[in-house]
Structure formats: structure tokens, C-alpha cells
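These are the residues of each chain, in order.
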Amino acid sequence: MQNQPVIGFEIKTLSNLFKRRLDESGLDKDLEGLTSMQGWIIGLLYRKEQAQTDVFQRDLEKEFDIRRSTVTGLIKLMEQNQLITREPVAWDRRLKSLKLTARSRSIHERVIEKFKK
């Protein structure tokens, strides 16, 4: 039997490497308390913002395959930490579009620059 790499192990190793590099990058102050899921959400909102597309809670549920209650908790925590805001849309008063704050935009851009280096 040949030794084949296990993709799950490779992904975990790569994830650890990224985390280690970010921890060494000096971004720790702004990233303190930021979870990886919050980072993924910021990244998605940033890309959608560049494409001028609204993002709603249900979009996060579908994109990341997570439950509504989990997304609700994430959104509340991210609002408390001033990473996102919820803004009503003109065409449906029940819906709230998720928007990045200047702080989260800055964090995302600096993380991307670190990854490029």
C-alpha cells in the first residue's frame, strides 16, 4: 500500500501555518478575539461589497452551511465588536443587509497584504 497524503491532514497543516504567520505578523491587537469564522464572514462581505451586492443572514447560512441560530449569534457578536452593521433595505423592511465597518475593512486589507507577503 502506497502512502497517499490525507487531504484533511494537509488542510489542517496549512491552516496552522496561516494562523502561525498571522500571529507573528503584528496584527494581534486588531485580531484579538476574532474567530476564523468571523474572518471568513468579513472576507465574504468584503468581496460582495466590491461587487456591490447585498448580503443577508440567509446568504451566510447557505455559503457556510451553518444553522440560523449560529449565524444569529455570530452577527450579534460581530455587531458588538463593531465589525459589521445591519442596515435595512428599501424594498423589504424585514431584511437587513450586512455591512462592514471601517475597522473590519482595515483588518481584512491588512490580513490580505500579510498573505501576499
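In short, a report on the structure.

Rules used in this analysis
Residues numbered from 1 in each chain as written. Predicted model: local features only at pLDDT ≥ 70, side-chain atom pairs only at ≥ 80, totals over all residues. Heavy atoms only, no water. Pairing = 2+ DSSP bridges. Helix = DSSP H or I, 4+ residues; strand = E, 2+ residues; numbered from the N terminus. Buried < 20%, exposed > 50% of the residue type's maximum accessible area, 1.4 Å probe, protein only. Core = buried A, V, L, I, M, F, W, Y, C linked by side-chain atoms within 4.5 Å. Contact = heavy atoms within 4.5 Å. Axes fitted to C-alpha atoms, helices over the stretch in contact; angles between N-to-C directions. Parallel < 35°, antiparallel > 145°, perpendicular 65-115°, else oblique. Nonpolar A, V, L, I, M, F, W, Y, C, P; charged D, E, K, R; others polar. Left-handed = near helix turned anticlockwise from the far one by under 90°.

### Examining the pairing of strand 2 (residues 92-100)
And step 1. Where strand 1 (residues 84-89) lies against strand 2, 6 bridges are found, and the strand directions are antiparallel. In the sheet register, Arg86 faces strand 2, and the bridge partner there is Leu98.
And step 2. Remark: 2 residues form the turn of the hairpin made by strand 1 and strand 2, two consecutive strands paired antiparallel.

### Describing unusual backbone geometry
And step 1. Although it is not a glycine, Asp65 sits at a positive phi angle of roughly 55°.
And step 2. With respect to the element layout, Asp65 can be found in the loop between helix 4 (57-64) and helix 5 (68-80).
And step 3. Judged by relative accessible area, which is 71%, Asp65 ranks as exposed.
And step 4. Although it is not a glycine, Gln82 sits at a positive phi angle of roughly 55°.
And step 5. With respect to the helices and strands, Gln82 occurs in the loop between helix 5 and strand 1.

### Let's talk about the nonpolar core
Nonpolar side chains tend toward joint burial in soluble globular proteins.
And step 1. The biggest cluster of nonpolar side chains holds 18 residues, and the ones touching the most others in it are Leu45, Leu60 and Ile84.
And step 2. Within the residue set of this core, elements represented by two or more residues are helix 3 (36-50), helix 5, strand 2 and helix 6 (102-116).
And step 3. For this core, the element with the most residues is helix 3, which contributes 5 residues.
And step 4. Ignoring anything within four residues of it in the chain, the contact list for Ile84 reads Leu45, Ile75, Met78, Glu79, Leu98, Lys99, Leu100 and Thr101.

### Digging into the packing of helix 3 against helix 6
Axes are the key here: two packed helices are described by the angle between their axes and the distance separating the axes.
And step 1. One way to put it is that helix 3 packs onto helix 6 with a least axis distance of 10 Å and a crossing angle of 100°. Classed by the angle they form, the pair helix 3 and helix 6 counts as roughly perpendicular. Contacts between helix 3 and helix 6 pair Ile42, Gly43, Tyr46 and Glu49 from the former with Ser104, Arg105, His108 and Glu109 from the latter.
And step 2. In terms of residue class, the contact of helix 3 with helix 6 is made up of 2 nonpolar, 3 polar and 3 charged.

### Quick look at the packing of helix 4 against helix 5
And step 1. The geometry of helix 4 relative to helix 5 is characterised by a closest axis approach of 9 Å and an angle of 120° between their N-to-C directions. When the axes of helix 4 and helix 5 are compared, the pair comes out oblique. In this structure, helix 4 crosses over helix 5, and the sense of that crossing is right-handed. Contacts between helix 4 and helix 5 involve Gln57, Leu60 and Glu61 on the former and, on the latter, Arg68, Val71, Thr72 and Ile75.

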